[in-house]
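Here are the chains, one letter per residue:
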Amino acid sequence: FVFHFYRQIADLVPGKHTKAAIFIEEEIRHQQIYLDYLDSQQKDVLMTLESKDKVLDDIVDTINRFRKVAFESPTLSQATRDEYARKLESLEQVYQSRTEGDDGDTEDEKKLKVQLLEQSCLVKNTIDHLQTLYKKHVCFSQRHIVDILKVYGVDLQVYFGGILIGPHCMNLAEHSEKILKAILNKMKEEVQDERLVKAMEKFTEKMV
C-alpha cells in the first residue's frame, strides 16, 4: 500500500526523470520494431530453406519411381524403357544442378538464419535491460523506500516476494513509525508541490 501511494505521488511530480524515461521508452519501442523485423526475416529464410528441401525431396521420389519402373518391370517394352531412362537422366541432371548450383546459397541462408537468431537474442537482452532502467527512472519513490527499509534491516528480496519472515517482520513492525517518517522526509526532498506534500503528510499521520 505504501509503495502504491508513493508511486502515485511520484507520477504526479512534473518533469521528474521525464526526459530519461521518455528516451528509454522510445528506445524500447525502436528495439521492439527491430525485433519484429528480425523475426519476420527468420521466418522468410526458414520458409525458403524448407521450400528447397521439399523440391529436392519430390525430385528424389520421382527418380526412385522411374528407376523402379524402368529397370524392374519385366513387361515394359524397350521403347518405353528407353523413354523412362531419358526422363530419369533428365531428372538426375536437375537434381544435380539444384544441389550443386544452390549449395552455396543454401549455406549462406543457413548462416543468415544463425546470424538473425543471434541478433534477436541480443535485441531481446537489450529490451530487458532497457525495461529495467525504465522502471528505475519512472519510479524514484520505490528506490527511496527500498533504501530506507534496508537501513532498518528489512530484506527487500523477501519483501517483494510477498513474505516477511522472522527478524524482517519484527524489524518492520518495530520500526514502522520511523520508516514511514523517513520515507516522508526523503520524498519531501523530491516533491515541491505543496498539495502533494500535504497529501503525503496526511497519509503518514494516518499510517502512524
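A short tour of the structure in this document, coming up. (Residues numbered from 1 in each chain as written. Predicted model: local features only at pLDDT ≥ 70, side-chain atom pairs only at ≥ 80, totals over all residues. Heavy atoms only, no water.)

### Section: the pattern of salt bridges
(1) Moving on: One pass over the structure, following the stated rule, counts 5 salt bridges.
(2) Moving on: Residue Glu-189 pairs with Lys-186 through a salt bridge whose shortest N-O separation is 3.3 Å. With Glu-189 and Lys-186 both in helix H8 (residues 176-190) and 3 residues apart, the pair spans about one turn of that helix.
(3) Moving on: With relative accessibility at 55%, the residue Glu-189 sits in the exposed group.
(4) Moving on: Look at Lys-186 and you get partly exposed, because its relative accessible area is 31%.
(5) Moving on: One salt bridge in this structure joins Arg-195 and Asp-193, with 3.2 Å as the shortest N-O distance.
(6) Moving on: Classification of Asp-193 as partly exposed rests on a relative accessible area of 27%. (Salt bridge = Lys/Arg side-chain N within 4 Å of Asp/Glu carboxyl O. Helix = DSSP H or I, 4+ residues; strand = E, 2+ residues; numbered from the N terminus. Buried < 20%, exposed > 50% of the residue type's maximum accessible area, 1.4 Å probe, protein only.)

### Focus: the side chain of Thr-204
(1) Moving on: Note that Thr-204 resides in helix H9 (residues 194-207).
(2) Moving on: A residue is classified by how much of its surface remains accessible, and Thr-204, at 5% relative accessible area, is buried.
(3) Moving on: The residues touching Thr-204, leaving out its near neighbours within four places in the chain, are Tyr-6, Leu-180, Lys-181 and Leu-184. (Contact = heavy atoms within 4.5 Å.)

### Observations concerning H8
(1) Moving on: Its 15 residues give H8 an end-to-end C-alpha distance of 21 Å, which sits within 8% of 21 Å, the value for a rise of 1.5 Å per residue.
(2) Moving on: Restricting attention to buried positions, one finds in H8 the residues Ile-179, Leu-180, Ile-183, Leu-184, Met-187 and Glu-190. For H8, the angular spread of buried residues about the axis comes to 135°, placing them on one side. Across from the buried face of H8, at angles greater than 90 degrees, the exposed residues are Lys-178 and Glu-189. (Expected span 1.5 Å × (residues − 1). Arc of directions from axis to C-beta.)

### Digging into the packing of aromatic side chains
Between two aromatic rings, the relevant description is the distance of the centres plus the angle of the planes.
(1) Moving on: Taken as a whole and assessed by the stated rule, the structure comprises 2 aromatic pairs.
(2) Moving on: Here the aromatic rings of Tyr-34 and Tyr-37 are separated by 6.3 Å at their centres, their planes lie at 15°, and the arrangement is stacked. A residue pair is termed a helical-turn pair when its members lie 3 or 4 positions apart in one helix, as Tyr-34 and Tyr-37 do in helix H2 (residues 18-72) at 3 residues.
(3) Moving on: Take Tyr-34: its relative accessible area is 35%, and that puts it in the partly exposed class. (Phe/Tyr/Trp six-rings, centres within 6.5 Å; stacked < 30°, edge-to-face > 60°.)

### Quick word on the environment of Ile-145
(1) Moving on: Relative to the assigned elements, Ile-145 resides in helix H5 (residues 140-151).
(2) Moving on: Residue classification places Ile-145 among the buried residues on the basis of a relative accessible area of 2%.
(3) Moving on: A C-alpha to C-alpha distance of 8.8 Å links Ile-145 and Val-2, two positions 143 residues apart in sequence.
(4) Moving on: Each residue touching Ile-145, except ones within four places of it in the same chain, is listed here: Val-2, Phe-3, Tyr-6 and Ile-183.

### Here's the deal with H5
(1) Moving on: The end-to-end C-alpha distance of H5 is 17 Å, a good match for the 16 Å that 12 residues give at a rise of 1.5 Å each.
(2) Moving on: Burial in H5 covers these residues: Phe-140, Ser-141, His-144, Ile-145, Val-146, Ile-148 and Leu-149.

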